[in-house]
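Structural overview for review
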Amino acid sequence: MTWPTKKLGEISRIFSGSSAPQGEKYFKNGKYPFVRVFDLATPRSGTELVETRDYVNELAITELNLVEAQKGAIVFPKSGASILNNNRAMLGTNAYVVSHLSAIEVNEDLAVRNWVYYFLSKFDMGKLVSDPGYPSLNISAIEKIKIPLPPLATQKQIVDRLDKIAEAQKLNDELIQTTNELFQSLLHKELNPVRDSKHSNGVNPAGKNWEFKNLEDVTKIIMGQSPSSTSYNESGHGLPFFQGKADFGELYPNTVKYCSAPSRIAEPEDILISVRAPVGDINLAKCKSCIGRGLAAIRGNTKIVEQMFLYFIFKKNEKNWQRQSTGSTFAAITKDKLTDYKIPVPPLEVQKQIVAKLSAVQDYKKQLLEQKAKLKELFDSTLSRSMTNEKKSKDA
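Now for a description of the structure that goes with this document. (Residues numbered from 1 in each chain as written. Predicted model: local features only at pLDDT ≥ 70, side-chain atom pairs only at ≥ 80, totals over all residues. Heavy atoms only, no water.)

Some points on the overall build of the protein chain
Rules: Secondary structure follows DSSP: runs of H or I at least 4 residues long count as helices, runs of E at least 2 residues long count as strands, and numbering of each begins at the N terminus. Three exposure classes are used, based on accessible area relative to the maximum for each residue type with a 1.4 Å probe and protein chains only: buried under 20%, partly exposed in between, and exposed over 50%. Between two residues, a contact is recorded if the distance between any of their heavy atoms is within 4.5 Å.
Across its full length, the protein chain carries 12 helices and 21 strands. Along the three orthogonal principal directions, the C-alpha set of the protein chain runs to about 70 × 55 × 40 Å. Per-residue burial for the protein chain yields a buried fraction of 45% across its 396 residues. Within the protein chain, contacts between residues at least 6 apart in sequence are counted, and of these 74% link residues at least 24 apart.

A closer look at the pattern of salt bridges
Keep this limit in mind: When a carboxyl oxygen of Asp or Glu lies within 4 Å of a side-chain nitrogen of Lys or Arg, that pair is called a salt bridge.
Scanning the model with the defined rule gives 14 salt bridges in all. A salt bridge links K357 to E190; its shortest N-O distance comes to 3.5 Å. Note that K357 is positioned in helix α11 (residues 348-388) and E190 in helix α6 (residues 152-190), a separation of 167 residues in sequence. Given the relative accessible area of 32%, K357 is considered partly exposed. The exposure class of E190 is buried, given its relative accessible area of 1%. For K213, the salt bridge identified is with E211, shortest N-O distance 3.9 Å. Using a relative accessible area of 25% as the deciding quantity, one classes K213 as partly exposed. Salt bridges linked by common partners bring R36, R53 and D54 together as one network.

Section: the state of the cysteines
Quick reminder of the rule: Two cysteine sulfur atoms make up a disulfide if the distance between them is within 2.5 Å.
Applying the stated rule across the entire model yields 0 disulfides. C259 takes part in no disulfide bond, and the closest cysteine sulfur, belonging to C290, lies 4.0 Å away. Given the relative accessible area of 0%, C259 is considered buried. Counting only cysteine sulfurs, C290 is the nearest neighbor of C287, a cysteine outside any disulfide, at a range of 11 Å.

Notes on α11
Our working definition: In this scheme, a helix's expected span is set at 1.5 Å multiplied by one less than its residue total.
Spanning 41 residues, α11 covers 59 Å between terminal C-alpha atoms, matching the ideal 60 Å at 1.5 Å per step. Positioned one or two residues after α11, N389 has a phi angle of 60°, which is positive.

A few points about the layout of surface pockets
Filter applied, for reference: Here a cavity is any set of points on a 1 Å grid over the protein atoms alone where a 1.4 Å probe fits but cannot get out, and a pocket is any open set with protein on both sides within 12 Å along at least 5 of 7 lines; a residue lines the site when it has an atom within 4 Å of a point. Grid points are joined across faces, edges and corners, and a volume is the space filled by probe spheres set on the points. Any residue outside Ala, Val, Leu, Ile, Met, Phe, Trp, Tyr, Cys, Pro, Asp, Glu, Lys and Arg is labelled polar, Gly included; the first ten of those are nonpolar and the last four are charged.
The volume enclosed by the second largest pocket comes to roughly 770 Å³. Looking at which element gives the most residues to the lining of the second largest pocket, the answer is α11, with 7 residues. Across the lining of the second largest pocket, the residue classes break down as 8 nonpolar, 8 polar and 12 charged.

Overview of the nonpolar core
Put simply, the test is: Joining through side-chain atoms within 4.5 Å is the link that ties buried Ala, Val, Leu, Ile, Met, Phe, Trp, Tyr and Cys residues into a set, and such a set is a nonpolar core.
Judged by nonpolar contacts, the single largest core of 36 residues is most densely connected at L215, I273, F314 and L338. Ranked by the residues each element gives to this core, the list is headed by helix α8 (residues 307-316), at 6 residues. Ignoring any residue separated from it by four or fewer positions in sequence, one finds L215 in contact with I221, I298, L310, F314, L338, T339, Y341 and I343. Core analysis: the next-biggest nonpolar cluster, separate from the first, contains 33 residues, F76, I104, F119 and L137 among them.

Concerning the sheet that holds strand β5 (residues 68-69)
Keep this limit in mind: Two strands qualify as a pair provided that DSSP identifies no fewer than 2 bridges between them.
The 4 strands lie next to each other as β4-β3-β8-β5, forming an open sheet whose pairing is mixed. Each edge of the open sheet is held by one strand with a lone partner, namely β4 (54-56) and β5. Of the strand pairs in this sheet, strand β3 (residues 32-35) and strand β8 (residues 95-97) are connected by 2 bridges, and their pairing is parallel. Among the inter-strand pairings, V35 is bridged to a residue of β8, identified as V97.

Comments concerning the side chain of Q155
So the rule is basically this: As used in this structure description, the phrase polar contact means that two N or O atoms lie within 3.5 Å; if the pair is within protein, one of them must be able to donate a hydrogen and the other to accept it, and residues adjacent in sequence are counted only when both atoms belong to side chains.
Looking at the element boundaries, Q155 is found in helix α6. Within the structure, the side chain of Q155 is placed 2.9 Å from the backbone oxygen of P150, a separation counted as a polar contact. Leaving out residues up to four positions away in the same chain, Q155 has contacts with L110, A111, V112, W115, L149 and P150.

What to know about the sheet that holds strand β2 (residues 12-16)
The strand order β2-β9-β6-β7 describes an open sheet built from 4 strands, whose pairing is antiparallel. Each edge of the sheet is formed by a strand with only one pairing partner; in this case those strands are β2 and β7 (89-90). Sheet topology places β2 next to strand β9 (residues 101-106); 5 bridges connect them, and they run antiparallel. Opposite S16, over in β9, you have S102 as the bridge partner.

Some words on the packing of aromatic side chains
We apply this condition: Pairing of aromatic rings covers Phe, Tyr and Trp, the last through its six-membered ring, and needs centres within 6.5 Å; plane angles under 30 degrees mean stacked, over 60 mean edge-to-face, and all others mean tilted. The rule for a charge over a ring is simple: NZ of Lys or CZ of Arg within 6 Å of the ring centre, and within 35 degrees of the ring normal.
Applying the stated criterion across every chain, the model contains 10 aromatic pairs. Seen in terms of ring centroids, F119 and F123 are 5.9 Å apart; in terms of plane orientation they differ by 35°. Their pairing is tilted. An aromatic cluster of three or more residues is present, and its members are Y117, Y118 and F379. In this arrangement the basic side chain of R13 is found over the ring face of F15, its NZ or CZ atom lying 3.9 Å from the centre.

Observations concerning the pairing of strand β6 (residues 74-77)
What you see with β6 is no split at all: I74 and F76 on one side and V75 and P77 on the other are buried throughout. Direction of pairing for β6 relative to β9: antiparallel, over a ladder of 4 bridges. The partner of F76 across the bridge, within β9, is S102.

Examining a negative patch on the surface
Where we set the bar: Without a salt bridge and with relative accessible area above 30%, a residue can belong to a patch; like charges are then joined within 9 Å and nonpolar side chains (Val, Leu, Ile, Met, Phe, Trp, Tyr) within 5 Å. Per-residue and other accessible areas follow the Shrake-Rupley method at a 1.4 Å probe size, with only the shown protein chains counted as cover for residues. Asp and Glu count as negative and Lys and Arg as positive, but His and the ends of the chain are not part of the count. Charge positions come from single atoms, namely NZ of Lys, CZ of Arg, CG of Asp or CD of Glu.
There is a patch of like negative charges on the surface, built from E216, D217, D336 and D340. Position of E216 relative to the elements: it lies in helix α7 (residues 215-218).

As for the packing of α6 against α11
Basically, it comes down to this: Helix axes are fitted only over the stretch in contact, all axes being lines through C-alpha atoms; the angle between N-to-C directions runs from 0 to 180 degrees. In this scheme, roughly parallel covers angles under 35 degrees and roughly antiparallel covers those over 145, while 65 to 115 is roughly perpendicular and the rest are oblique. Left-handed is the label given to a crossing in which the near helix is rotated counterclockwise from the far helix by less than a right angle, and right-handed is the label when the rotation is clockwise.
Orientation of α6 relative to α11, taken along the N-to-C sense of each, is 160°, at an axis distance of 9 Å. Considering the angle they form, α6 stands roughly antiparallel to α11. Here α6 and α11 pass one another in a crossing that is left-handed. When the residues that make up the contact of α6 with α11 are grouped by side-chain class, the tally is 21 nonpolar, 8 polar and 7 charged.

Everything listed is a geometric property; what it means functionally is a separate question.
Right, here's the structure in full:
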């Protein structure tokens, strides 16, 4: 059997926020959170949105009659393209809300707040938009959303289970963030060619034995080229085809298209660098691939440079390539820029030591990302079964 349903308006108060204050005087020494659409799109949002970018003062509250939402209210975009992003947050404190947001204050005699929040987190508000060109939501349409409502005790049990998974997701995300920070710290520490020997770990005291070489002296550089569009396909015929940064993943690119007549080819573990705006981002080729003109492939001479050492050098400088690019309208990295790019080349043994350290951190992050995917799958499946009473139906 399925759970009985009620309209959202029958179990909650739904309202819109107020226009944003105009003028610095309303924000000066502000101490009251003012929630904007921006705040819902940050890592701080979720079931405990406490910090906001802007804070209003007493003058704004009294003079402008700002609309306040209570702690526990669920907020989400009601106007503009941000509706389609389906961002949600539950306020962790009382806050004032901008007019582009709607707020839902749940009657807790009828429903558990987190039950409503979790339901809405999977509800596509885009379905209520009548004109995609000018997205907006009517309060009356939101009030008519039907929500499954098991008994309160059952809601609490399910919410408790979902809360525990959500907490595990939060902790895992924090570990990923910490790991990213550790990786960036090590990246700059280990790949700094000149260090004070007093603070060196002995691998590279005072930059000793570190040479600088032009990239062309230690690598083969393959600039991408667009093959005939008639050779593109999504059926797996030919080689995976990557055109630019849009195809990049965490480490390896995501295969969507294939090319049956490749003109420029990257080999497995070649560094792929985006040479057309946005420039500088990198991935590794996971397999033999065709590369379009938005990419270049870089293959190290293994007698001189470790490929992963080269990868980490490019990773360290990923955000600096904008300065190396040319073009006033669309930035691009030319082959000449790559050819003349100077990189530090310590002895191979030193390179291997550095690669081992950085790879260990990357491997740990990979495990965390795999755990993140598993937790998401667990949360989504638990939520889906809970909302439809699927498990109980199967057992009946």
